[in-house]
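Survey of secondary and tertiary structure
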Amino acid sequence: MAGLAALEALTEQLYDFIQSMEDDGIVDYHFKDCYNMKEANGPFLFIELIPTYISDSEATLEEMTTELDQPLVNFKHLEQLCTRLKGGTSCIGACRVATSCGELRRSAIARNKDNCLLRLEMIKGDFSILRNRLEAFLELERRIVTNDYQGC
């Protein structure tokens with residue numbers, strides 16, 4: 001019974017953590033909706049999804065940086081990268097990064113390299129905050145899944 005109480009306490013802590021990310025404007029209600037999909041898709045959904053999202057997003061940010069380092073920026077390609085990052089980000093409810101991606105895309109459409117550079121730095125800052133919070137979230141989630149599979 002103590003194991004079940006520990007699992008319930010961890011789960012409550014996790015939902016409080018999600019709420020704090022919402023309160024801070026880092027994620028929106030889609031994050032919780034996405035998390036609740038694990039009921040239908042298995043307990044490892046987020047443990048697999050979040051590291052993939054982080055890795056893919058870091059690669060896209062690196063590609064954006066490389067594009068903006070070019071003397072002649074391919075703004076169409078930059079727009080596509082913004083759309084890619086915003087799509088993945090929106091799917092998990094990471095609203096702050098998604099909004100920043102939209103701002104970068106508008107700057108790319110306007111062909112304003114200086115503003116694109118500024119917006120990219122904003123995305124990187126927002127993403128860094130998101131990544132740190134997601135990693136902390138994953139720690140809790142791993143503890144829940146581990147507890148759950150130890151017979152609680």
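Residues numbered from 1 in each chain as written. Predicted model: local features only at pLDDT ≥ 70, side-chain atom pairs only at ≥ 80, totals over all residues. Heavy atoms only, no water.

Section: the pattern of salt bridges
A pair can form between side chains of opposite charge whenever their charged atoms are brought close. Selection criterion: Think of a salt bridge as a Lys or Arg side-chain nitrogen and an Asp or Glu carboxyl oxygen that are within 4 Å of each other. Starting at the N terminus, helices and strands are each numbered in turn, a helix being any DSSP run of H or I of at least four residues and a strand any DSSP run of E of at least two. Type-normalised accessible area, obtained with a 1.4 Å probe on protein chains alone, sets the label of each residue: buried when under 20%, exposed when over 50%, and partly exposed for intermediate values.
Counted by the stated rule, this structure contains eleven salt bridges. Here R84 and E63 are joined by a salt bridge, their closest N and O atoms 3.4 Å apart. With R84 in helix α5 (residues 75-91) and E63 in helix α4 (residues 45-69), this residue pair connects regions lying 21 residues apart in the sequence. For R111, the salt bridge goes to E79, with nearest N and O atoms at 3.0 Å. Taken as a pair, R111 in the loop between α6 (95-109) and α7 (113-148) and E79 in helix α5 lie far apart in primary sequence, 32 residues in all. Here E79 falls in the buried class, since its relative accessible area comes to 9%. One salt-bridge network, held together by shared partners, links K76, E79, R105 and R111.

Quick word on the confidence of the model for the protein chain
For clarity, the threshold we go by: pLDDT expresses, on a scale from 0 to 100, how confident the predictor is about each individual residue.
Scored by pLDDT, the protein chain has a mean of 92; 95% of the residues are at 70 or more. Of all secondary-structure elements in the protein chain, the lowest mean pLDDT belongs to helix α3 (residues 38-41), at 79, while α6 reaches the highest, 97.

Examining the layout of surface pockets
The condition is simple: Definitions used for this entry: grid spacing 1 Å over protein atoms alone; cavity, a set of points where a 1.4 Å probe fits but cannot get out; pocket, an open set with protein on both sides within 12 Å along at least 5 of 7 lines; lining residue, one with an atom within 4 Å of a point. Grid points are joined across faces, edges and corners, and a volume is the space filled by probe spheres set on the points. The classification used treats Ala, Val, Leu, Ile, Met, Phe, Trp, Tyr, Cys and Pro as nonpolar, Asp, Glu, Lys and Arg as charged, and all other residues, Gly among them, as polar.
Its volume calculated, the second largest pocket comes out at about 160 Å³. If you go around the second largest pocket, the residues you meet are L49, T52, Y53, D56, S57, T60, R84, L85, G88, T89 and I92. It is α4 that provides the largest number of residues to the lining of the second largest pocket, a total of six residues. In the lining of the second largest pocket, the residues fall into four nonpolar, five polar and two charged.

Remarks on helix α2 (residues 29-36)
We count it as follows: Comment: arc refers to directions from the helix axis out to C-beta atoms. Under the rule applied, a polar contact is a pair of N or O atoms within 3.5 Å (in protein, one hydrogen donor and one hydrogen acceptor; residues adjacent in sequence only if both atoms are side-chain atoms).
Buried residues of α2: F31, C34 and Y35, and no others. Taken around the axis of α2, the buried residues stretch over an arc of 100°, which confines them to a single face. Of the residues that open α2, the one with a side-chain oxygen 2.9 Å from the backbone nitrogen of H30 is D28.

Some details on the nonpolar core
The following threshold applies: Here, nonpolar core refers to any group of buried Ala, Val, Leu, Ile, Met, Phe, Trp, Tyr and Cys residues whose side-chain atoms link them within 4.5 Å. Note on definitions: a residue-residue contact is assigned when non-hydrogen atoms from the two residues lie within 4.5 Å.
By size, the foremost hydrophobic cluster in this structure holds 40 residues, and its most contacted members are F31, M64, L130 and F137. Put simply, the parts of the chain that give this core at least two residues each are α1 (2-23), α2, α4, α5, α6 and α7. Examining the composition of this core, we find that ten residues originate from one element, α7, more than from any other. For F137, the residues in contact, after removing those within four places along its chain, are L14, F17, I18, M21, F31, Y35 and F46.

Focus: the side chain of T89
Assignment of secondary structure puts T89 in helix α5. According to the relative accessible area criterion, T89 is buried, its value standing at 0%. The contacts of T89, once residues within four sequence positions are left out, are Y53, A94, V97 and A98.

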